[in-house]
Amino acid sequence: MKPQLSSPADAFALICDAASSAVRYLGLTYAPWQLSPGSWQRMLVAVEAWAKMRSLTLPFGWRDKLAVQMGRAKAAAYDGLES
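Residues numbered from 1 in each chain as written. Predicted model: local features only at pLDDT ≥ 70, side-chain atom pairs only at ≥ 80, totals over all residues. Heavy atoms only, no water.

Caption draft 1: Representation of the overall build of the protein. Looking only at helices and strands, one finds three helices and zero strands in the protein. Ordered by position in the sequence, the α and β elements of the protein form the string α-α-α. Classification of the 83 residues of the protein by burial places 35% in the buried group. Here the analysis covers contacts within the protein between residues at least 6 apart in sequence; of these, 53% occur between residues at least 24 apart. (Helix = DSSP H or I, 4+ residues; strand = E, 2+ residues; numbered from the N terminus. Buried < 20%, exposed > 50% of the residue type's maximum accessible area, 1.4 Å probe, protein only. Contact = heavy atoms within 4.5 Å.)

Caption draft 2: Representation of the nonpolar core within the structure. In this structure, Ile-15, Trp-40, Met-43, Trp-62 and Leu-66 are the most contacted members of the largest nonpolar core, which totals 20 residues. Those elements that place two or more of their residues in this core are helix H1 (8-25), helix H2 (37-53) and helix H3 (62-69). Looking at this core element by element, the count peaks at seven residues for H1. (Core = buried A, V, L, I, M, F, W, Y, C linked by side-chain atoms within 4.5 Å.)

Caption draft 3: Examining H3 more closely. Where H3 is concerned, the buried positions are Trp-62, Arg-63, Asp-64, Leu-66 and Ala-67. Immediately downstream of H3, the backbone of Gly-71 shows phi near 85°, a positive value.

Caption draft 4: Here's a closer look at the packing of aromatic side chains. One pass over the full model with this rule turns up zero aromatic pairs. One residue, Lys-65, lies across the ring of Phe-12, its end atom 4.5 Å from the ring centre. (Phe/Tyr/Trp six-rings, centres within 6.5 Å; stacked < 30°, edge-to-face > 60°. Lys NZ or Arg CZ within 6 Å of the ring centre and 35° of its normal.)

Caption draft 5: Local environment of the confidence of the model for the protein. Across the protein, pLDDT averages 81, with 77% of residues at or above 70. The least confident element of the protein, judged by mean pLDDT, is H1 at 86; the most confident is H2 at 94. (pLDDT = per-residue confidence, 0-100.)

Caption draft 6: Summary view of the side chain of Arg-72. By the element assignment, Arg-72 lies in the segment after H3. Note on Arg-72: relative accessible area 11%, which makes it buried. A polar contact is formed between the side chain of Arg-72 and the backbone oxygen of Leu-35, at a distance of 2.8 Å. Discounting residues that sit within four places of it in the chain, Arg-72 has contacts with Pro-32, Trp-33, Gln-34, Leu-35, Ser-36, Pro-37, Trp-40 and Ala-67. (Polar contact = N/O pair within 3.5 Å; in protein donor to acceptor, adjacent residues only side chain to side chain.)

Caption draft 7: Representation of the packing of H2 against H3 within the structure. At a closest axis distance of 12 Å, the pairing of H2 and H3 adopts a crossing angle of 120°. Here H2 lies oblique to H3, going by the angle between them. Pair H2 / H3 crosses with right-handed handedness. Every residue of H3 that contacts H2 at Trp-40, Met-43, Leu-44, Val-47 and Glu-48 is listed here: Trp-62, Arg-63, Leu-66 and Ala-67. The residue inventory of the contact of H2 with H3, partitioned by class, reads seven nonpolar, no polar and two charged. (Axes fitted to C-alpha atoms, helices over the stretch in contact; angles between N-to-C directions. Parallel < 35°, antiparallel > 145°, perpendicular 65-115°, else oblique. Left-handed = near helix turned anticlockwise from the far one by under 90°. Nonpolar A, V, L, I, M, F, W, Y, C, P; charged D, E, K, R; others polar.)

Shown next as structure tokens:
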């Protein structure tokens, strides 16, 4: 059963939680804002897989918004095309 979300902020809070969990589950020992570019990419892929398993559509620009929320520079949010 899909979670009932009352606002876009609630939906993005779930994405932030998924990112934090992904950092832990991937065995990464740094805070999200300290991850290397490669580790950041691994975390983004894990969040995409998390959303896909739950049949959730990630909003356009979610990588940049997540980078800002996690304390990273927007320019360092990702390398590649937005999905």
